[in-house]
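Structural characterization, general
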Amino acid sequence: MRPLHLVGDKDPRTRERVRLDGGRFMMGANERYPEEAPARPVVVDAFEIDVHAVTNRDFAAFVEDTGWVTVAEIPADPNDYPGALPEMLAPSSLVFTPPQGPVPLDDIRAWWRYTPSAQWRSPQGAGSSINGLWDHPVVHVAWADVEAYARWVGASLPTEAEWEFAARGGLEGADFAWGDELEPNGQRMANTWLGRFPWENLKPGGRTLTTPVGSFPANGYGLYDMIGNTWEWTADWWSTMAPDTVVKACCAPKNPRGGDEAASKGPGDATPRKVLKGGSHLCAPSYCKRYRPAARHAQPTDTSTSHVGFRCVVREAV
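Residues numbered from 1 in each chain as written. Predicted model: local features only at pLDDT ≥ 70, side-chain atom pairs only at ≥ 80, totals over all residues. Heavy atoms only, no water.

**What about helix 1 (residues 56–66)?**
In terms of burial, helix 1 is largely enclosed, as eight of its eleven residues are buried. Buried-residue contacts for helix 1 involve helix 3 (143–153). Looking at the residues trailing helix 1, positive phi occurs at Gly 67, about 75 degrees. (Buried < 20%, exposed > 50% of the residue type's maximum accessible area, 1.4 Å probe, protein only. Helix = DSSP H or I, 4+ residues; strand = E, 2+ residues; numbered from the N terminus. Contact = heavy atoms within 4.5 Å.)

**Digging into the packing of aromatic side chains**
Enumeration over the complete set of coordinates arrives at 21 aromatic pairs. With 5.6 Å between their ring centres and 55 degrees between their planes, Phe 62 and Trp 152 make a pair best called tilted. Of this pair, Phe 62 sits in helix 1 while Trp 152 sits in helix 3, placing them 90 residues apart in sequence. Looking at Phe 62, the relative accessible area reads 2%, which means it is buried. On the basis of relative accessibility, which here comes to 12%, the residue Trp 152 falls in the buried class. Measuring from centroid to centroid gives 5.7 Å for Trp 143 and Trp 233, while their planes differ by 55 degrees, and the two rings are tilted. Residue Trp 143 is located in helix 3, and its partner Trp 233 is located in strand 7 (residues 231–237); the two are separated by 90 residues in the primary sequence. (Phe/Tyr/Trp six-rings, centres within 6.5 Å; stacked < 30°, edge-to-face > 60°.)

**Structural notes on the sheet that holds strand 11 (residues 313–315)**
Read across the sheet, three strands follow the order 1-4-11 without closing on themselves; strand pairing throughout is antiparallel. Looking at which strands have only one partner, the edges of the open sheet turn out to be strand 1 (17–20) and strand 11. The mean inter-strand angle of the sheet, taken between neighbouring strand axes irrespective of direction, is 20 degrees. Here strand 4 (residues 47–50) runs beside strand 11; their pairing, made up of three bridges, is antiparallel. Residue pairing for strand 11: Glu 48 is matched across the bridge by Val 314. Sitting on the sheet, helix 4 (residues 160–168) is in contact with strand 1, strand 4 and strand 11, with an inclination near 70 degrees to strand 4. (Pairing = 2+ DSSP bridges. Axes fitted to C-alpha atoms, helices over the stretch in contact; angles between N-to-C directions.)

**Topic: the sheet that holds strand 7**
By definition, the strands of a sheet pair up through backbone hydrogen bonds, in either a parallel or an antiparallel sense. Read from one edge to the other, the open sheet built from four strands follows the order 9-8-7-10, with strand pairing classed as mixed. Of all strands in the sheet, those bounded by a partner on one side alone are strand 9 (296–300) and strand 10 (308–309). Sheet topology places strand 8 (residues 273–277) next to strand 9; five bridges connect them, and they run antiparallel. Residue pairing across strands places Arg 273 opposite Pro 300, the latter belonging to strand 9.

**So, the environment of His 52**
Positionally, His 52 belongs in the loop between strand 4 and helix 1. For His 52, a relative accessible area of 24% translates into the label partly exposed.

Written as structure tokens, this is what we have:
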């Protein structure tokens, strides 16, 4: 490994985490999107979780120490994507690009663009940089990238159950990580879309990007940005089939895992998908109400975007 010269004064391998005792909680929800149902009791063991998402500062230290090259920086193998246009195989990543006015909300191509040279150092593509964004969550990281970072720090990616347990902050059955009101007493609790998605931006200064980690209140466990800012990778393969539930409270599934890798693929898609949690700065009441602990989204393992990041966990030895 290369000598480590930190961008800042902290080694991310010794970063701050919160220890959670684990326990039984109600996972999922019955009233929102069908892939969240059914609400069911599950049990998780004790674990430690990062206080905030991995930042550009953290990821830069990892890259400097290991020489890691992210998926977005590598040309795609045409054998993996038969029939793809040559320009789609160049190093690139998905960047949110707001349209000039209202568009139909059933076609995400109206606001997402595969952008050449977009990657974690250049989140908006060629000519952009992370100067001034060191304490923002790192984005444009695919599954291989987050796995490699987790190994470097001696940690793992959380399971969906661990992530949701942490996000709820001890509030049983609450719609949001802070209670049942989106903006209690008019206070914004997370970095989510403000205005009519995806064209009307009512945030101060017209900001469409992430915010520094910790810009909004922590949840009941002292964890920041579990909701909004960026979606976060989990270790589980995507499935819309919840684990079998058992009526007896004593027998709630313990440390449940997601579905099967092969079954996680979308229709006609060769790439497996993982579960994302938490919503992002692009979630809006007018489009995507997934800024809730129960919400979930499928993400192909080879795909990076400008609104997906991650955090790590350390599990106690059994």
